[in-house]
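Below are the chains, spelled out letter by letter.
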Amino acid sequence: MSKCDLIAIVGSGGKSSIMHDLAESIYIRDKKNIWLTTTTKVSFEYENKNSVLYQCSGYENIPDPLPYPITFLYSKKFNNGEKLSGPCPILISNKLWNNGKNTVIFEADGSKRLPLKYYEPKDRQLTGKETKIIICISIKFSKMKIGTESIHRFSKYGDKNLEGKDFNYTFLEKLIYSENGYMKNIDENKSYIIYNGIESKKELEIAENLKNIHLKRFPNSKCFARGTYFGIHKGITGETWWNMKKI
């Protein structure tokens, strides 16, 4: 990742923490202020804790240069102030990023904080100008059973007889690479797969097995594992972030 990238984060299980960890790493390295935002819905409490919030209603009141090291731009609060929504993708690419003038990282997907999800056709709200796309898959599913508690929109996935059963690689491959799945319309040369939430050697082995499945389909992708298994560090805000390792 480099300064002046336009980075979208999609997938399930850990997108917000990855976004902030990445933003802090880039800022510390490059000393260049960074925009964060979303084309979906995010937690007010989380973003308020880990960045400076800046509300905008359109092109005319977006500050230039960026006012703070890590600034989260949003359009409005809703759900009694619990959630934030962001600007439209065109504003992100044309105004915030502005052909590489600024570094921008944004969430473009939702999964209700579950480790996996079943995709529908219009889930990802991308700009079309992304320089990098991070795809997050949480390995926390390995401690769970197949069902609504582990897969966002499991009820729409199909076979209800699978509910309550253990995960296996056949099922995971079918889910992850379904018709509208995690890699739909994503350029593998720009993609970074992060298997998130690794806490043990066993979970790392699961991530490595998923990586091998992925690289058979998309050999140019870059795959990483992230979690407390690799150690932790303190960020600018004092938040504890997990380390990451290429696999």
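This one's a predicted model, so the numbers in the text were calculated from it and none came from an experiment.

S.K.: I tried to follow the overall build of the protein chain on my own but got confused; where do I start?
M.R.: For the protein chain, the count of helices and strands is 5 helices and 14 strands. At 18 Å, the protein chain has a C-alpha radius of gyration in line with the 18 Å of a compact globule built from 247 residues. Along the three orthogonal principal directions, the C-alpha set of the protein chain runs to about 50 × 35 × 35 Å. Taking the contacts inside the protein chain whose residues are at least 6 apart along the sequence as the reference set, 71% of them involve residues at least 24 apart. Taken as a whole, the protein chain presents about 11700 Å² of accessible surface, with 48% of it coming from carbon and sulfur. Placing the 39 positive and 27 negative side-chain charges of the protein chain at their respective mean positions leaves the two points 2 Å apart.

S.K.: Can you help me understand helix α1 (residues 15-30) in this one?
M.R.: Three or four residues apart is the spacing at which side chains of an α-helix point the same way, because the helix has 3.6 residues per turn. In this model, α1 (16 residues) spans 22 Å end to end at C-alpha, consistent with the 22 Å of a helix rising 1.5 Å per residue. Lys15, Ser17, Ile18, Met19, His20, Asp21, Leu22, Ala23, Glu24, Ile26 and Tyr27 are the residues of α1 that are buried. One or two steps after α1, the chain reaches Lys31, where phi turns positive at roughly 55 degrees.

S.K.: What am I meant to see in the side chain of Asp109 here?
M.R.: With respect to the secondary-structure elements, Asp109 resides in the loop between β8 (103-107) and β9 (116-117). In this view, Asp109 contacts Ile9, Val10, Gly11, Lys15, Thr40, Lys117, Tyr119, Asp123 and Arg124; residues no more than four positions away in its chain are not counted.

S.K.: Which parts of the structure should I look at to understand the environment of Lys83?
M.R.: As for its placement among the helices and strands, Lys83 is situated in strand β7 (residues 83-85). Judged by relative accessible area, which is 28%, Lys83 ranks as partly exposed. Between the alpha carbons of Lys83 and Lys145 there is a distance of 29 Å; along the sequence they are 62 residues apart. In this structure, Lys83 is in contact with Val42, Ser43, Phe44, Lys76, Lys77 and Phe78, ignoring residues within four places of it in sequence.

S.K.: How do you make sense of the nonpolar core when you look at a structure like this?
M.R.: Among the nonpolar cores identified, the biggest contains 48 residues, and Leu116, Tyr195 and Leu210 are the most heavily contacted of them. Among the secondary structure elements, those contributing two or more residues to this core are β1 (6-12), α3 (89-97), β8, β10 (132-138), α4 (169-176), β12 (191-196), α5 (201-217) and β13 (222-234). Looking at which element gives the most residues to this core, the answer is α5, with 5 residues. Once you skip the residues sitting within four places of it in the chain, Leu116 turns out to touch Ser12, Ile137, Phe141, Ser150, Ile151, His152, Phe167, Leu172, Leu175 and Tyr182. The next biggest cluster of nonpolar side chains, apart from the first, holds 22 residues, and it includes Ile18, Tyr27, Val42 and Leu53.

S.K.: Whenever I open this one, the pairing of β10 confuses me. Can you help?
M.R.: For a regular strand, side-chain orientation follows a simple rule: the groups alternate between the two sheet faces. Among the 7 residues of β10, 7 are classified as buried, and the element is accordingly described as predominantly covered. Of the two faces of β10, the one lined by Lys132, Ile134, Cys136 and Ser138 and the one lined by Ile133, Ile135 and Ile137 are each fully buried. In terms of strand pairing, β1 meets β10 through 6 bridges, oriented parallel. The partner of Ile9 across the bridge, within β10, is Ile134.

S.K.: Honestly, the environment of Ile176 in this entry has me stumped. Any pointers?
M.R.: Along the chain, Ile176 falls in helix α4. With 59 residues separating them in the primary sequence, Ile176 and Lys117 have C-alpha atoms 8.1 Å apart. Ignoring sequence-local partners within four residues, the contact set of Ile176 consists of Ile137, Gly181, Tyr182 and Leu210.

S.K.: Would you mind showing me how to read the sheet that holds β13 here?
M.R.: As a general point, the strands of a sheet are linked pairwise by backbone hydrogen bonds and lie either parallel or antiparallel. As summarised here, the arrangement of the 9 strands in space is β4-β5-β2-β8-β1-β10-β12-β13-β14, forming an open sheet in which the pairing is mixed. Strands with a single pairing partner mark the edges of an open sheet, and in this sheet they are β4 (52-55) and β14 (240-246). Across the sheet, the axes of successive neighbouring strands diverge by a mean angle of 30 degrees, strand direction being ignored. Taken together, the 4 bridges between β1 and β8 define a ladder with parallel strand orientation. Across the sheet, residue Ile7 finds its bridge partner in β8, namely Ile105.

S.K.: Honestly, the pattern of salt bridges in this entry has me stumped. Any pointers?
M.R.: Two side chains of opposite charge can pair, provided their charged atoms sit close to one another. Within the structure shown, the criterion is met by 14 salt bridges. The closest approach of N and O atoms between Asp109 and Lys117, which form a salt bridge, is 2.7 Å. Across the pair, exposure class does not vary: Asp109 and Lys117 are buried alike. One salt-bridge network, in which partners are shared between bridges, spans Asp109, Lys117, Glu120, Asp123, Arg153 and Lys156.

About the thresholds
Residues numbered from 1 in each chain as written. Predicted model: local features only at pLDDT ≥ 70, side-chain atom pairs only at ≥ 80, totals over all residues. Heavy atoms only, no water. Helix = DSSP H or I, 4+ residues; strand = E, 2+ residues; numbered from the N terminus. Rg over C-alpha atoms; globule rule 2.2 N^0.38 Å. Contact = heavy atoms within 4.5 Å. Areas by Shrake-Rupley, 256 points an atom, 1.4 Å probe, with all protein chains shown as cover. Lys, Arg positive; Asp, Glu negative; His and termini not counted. Charge placed at Lys NZ, Arg CZ, Asp CG, Glu CD. Expected span 1.5 Å × (residues − 1). Buried < 20%, exposed > 50% of the residue type's maximum accessible area, 1.4 Å probe, protein only. Core = buried A, V, L, I, M, F, W, Y, C linked by side-chain atoms within 4.5 Å. Pairing = 2+ DSSP bridges. Axes fitted to C-alpha atoms, helices over the stretch in contact; angles between N-to-C directions. Salt bridge = Lys/Arg side-chain N within 4 Å of Asp/Glu carboxyl O.

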